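These are the residues of each chain, in order.
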Amino acid sequence: MSEINKIIVASRNPVKIESVKSGYNKMFTNSKIEVEGVSVPSGVGDQPMDNIETMTGAMNRATNAKNQFPNADLWVGIEGGIEKIGTDMTAFAWVVIQSRDKIGKSKTGTFFLPPQVAQLVEEGKELGEADDIVFSDSNSKQKGGAVGLLTSNVIDRTQFYVEAVVLALIPFKNKNLY
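Caption draft 1: Representation of the overall build of the protein chain. Helices and strands together make up the secondary structure of the protein chain, namely seven helices and six strands. Of the regular secondary structure in the protein chain, the N- to C-terminal order runs β-α-β-α-β-β-β-β-α-α-α-α-α. A compact globule built from 178 residues should have a C-alpha radius of gyration of about 16 Å, and the protein chain, at 16 Å, falls within 12% of that. Viewed in the frame of its principal axes, the protein chain has a C-alpha envelope of about 45 × 30 × 30 Å. Here the analysis covers contacts within the protein chain between residues at least 6 apart in sequence; of these, 59% occur between residues at least 24 apart. Surface summary for the protein chain: the accessible area is close to 8700 Å², and the carbon and sulfur share equals 48%. Positive and negative side-chain charges in the protein chain, numbering 19 and 21 respectively, have mean positions lying 8 Å apart.

Structural data, given as C-alpha cells:
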C-alpha cells in the first residue's frame, strides 16, 4: 500500500495521532506517510455509553474528516467508550479507517474500570476527567489514559490503540480479499 501517503486522523489528541502513525508503519513498513490530526464532530455524546454509540462515533469521525478534508488517502476515526456489564463498567475504543473505496473497523481490548471511576462516569463525567479526579492526574487522556493509569503504563493509551489500528488496516493490507 505504498501509494498511501496522506492520513487524516479525526482528532487533535496526540495519543490518537501517534497510534495511527505507529500502527500504519507496522503494517506498511516501506511507506512514507504524512499524518495530520483535525477536529471534527463525532455526532455522539462526549462520553459514548455503549458499544454501538462508540462505534458510531468512530464512523462519524472518519466520515466527517473525509468530507471536510477530501484531499487525503485515508481518514481515521478513533472513539473511546464505556459500557455497563451488569453492575460493572468496561472501557474500550473503536477504530474506523476509510479510503475512497474501502473501510476497515476494529475494536480494542476491553477492561473493567474501578468502582470509583465508574461512579464518576455514571454521574456524567467523561472517563478522562474521572481518571484525573481518582488518580490526582491532569489531562490523562492525552497521556497514558485509564489503561495506562491502571497498568502503571505497562500498556498505555497509545499502545492500546495501535493494535486496533493494525486490525482496522487488514482490508487495506489484503485488498484482494476485501
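Caption draft 2: Main features of the side chain of Thr-108. Here Thr-108 shows up in the loop between β5 (103-107) and β6 (111-112). Looking at Thr-108, its side chain comes within polar contact range of the main-chain nitrogen of Ala-93, at 2.9 Å.

Caption draft 3: Looking closely at the packing of helix α3 (residues 115-122) against helix α4 (residues 127-134). Running from N to C, α3 and α4 point in directions that differ by 135°, and their axes come no closer than 9 Å. As the angle between them shows, α3 and α4 are arranged oblique. Crossing angle aside, the handedness with which α3 passes α4 is right-handed. Facing α3, whose interface residues are Gln-116, Val-117, Leu-120 and Val-121, α4 presents Leu-127, Ala-130, Asp-131, Ile-133 and Val-134. Taken together, the residues of the contact of α3 with α4 sort by class into seven nonpolar, one polar and one charged.

Caption draft 4: Local environment of the environment of Ser-140. By secondary structure assignment, the location of Ser-140 is in the loop between α4 and α5 (145-151). Accessibility expressed as a relative area gives 2% for Ser-140, which makes it buried. Placed 19 residues apart in sequence, Ser-140 and Gln-159 show a C-alpha to C-alpha distance of 14 Å. Those residues in contact with Ser-140 that sit more than four places away from it in its chain are Gly-128, Asp-131, Asp-132, Gly-145 and Leu-149.

Definitions and cut-offs
- Residues numbered from 1 in each chain as written.
- Predicted model: local features only at pLDDT ≥ 70, side-chain atom pairs only at ≥ 80, totals over all residues.
- Heavy atoms only, no water.
- Helix = DSSP H or I, 4+ residues; strand = E, 2+ residues; numbered from the N terminus.
- Rg over C-alpha atoms; globule rule 2.2 N^0.38 Å.
- Contact = heavy atoms within 4.5 Å.
- Areas by Shrake-Rupley, 256 points an atom, 1.4 Å probe, with all protein chains shown as cover.
- Lys, Arg positive; Asp, Glu negative; His and termini not counted.
- Charge placed at Lys NZ, Arg CZ, Asp CG, Glu CD.
- Polar contact = N/O pair within 3.5 Å; in protein donor to acceptor, adjacent residues only side chain to side chain.
- Axes fitted to C-alpha atoms, helices over the stretch in contact; angles between N-to-C directions.
- Parallel < 35°, antiparallel > 145°, perpendicular 65-115°, else oblique.
- Left-handed = near helix turned anticlockwise from the far one by under 90°.
- Nonpolar A, V, L, I, M, F, W, Y, C, P; charged D, E, K, R; others polar.
- Buried < 20%, exposed > 50% of the residue type's maximum accessible area, 1.4 Å probe, protein only.

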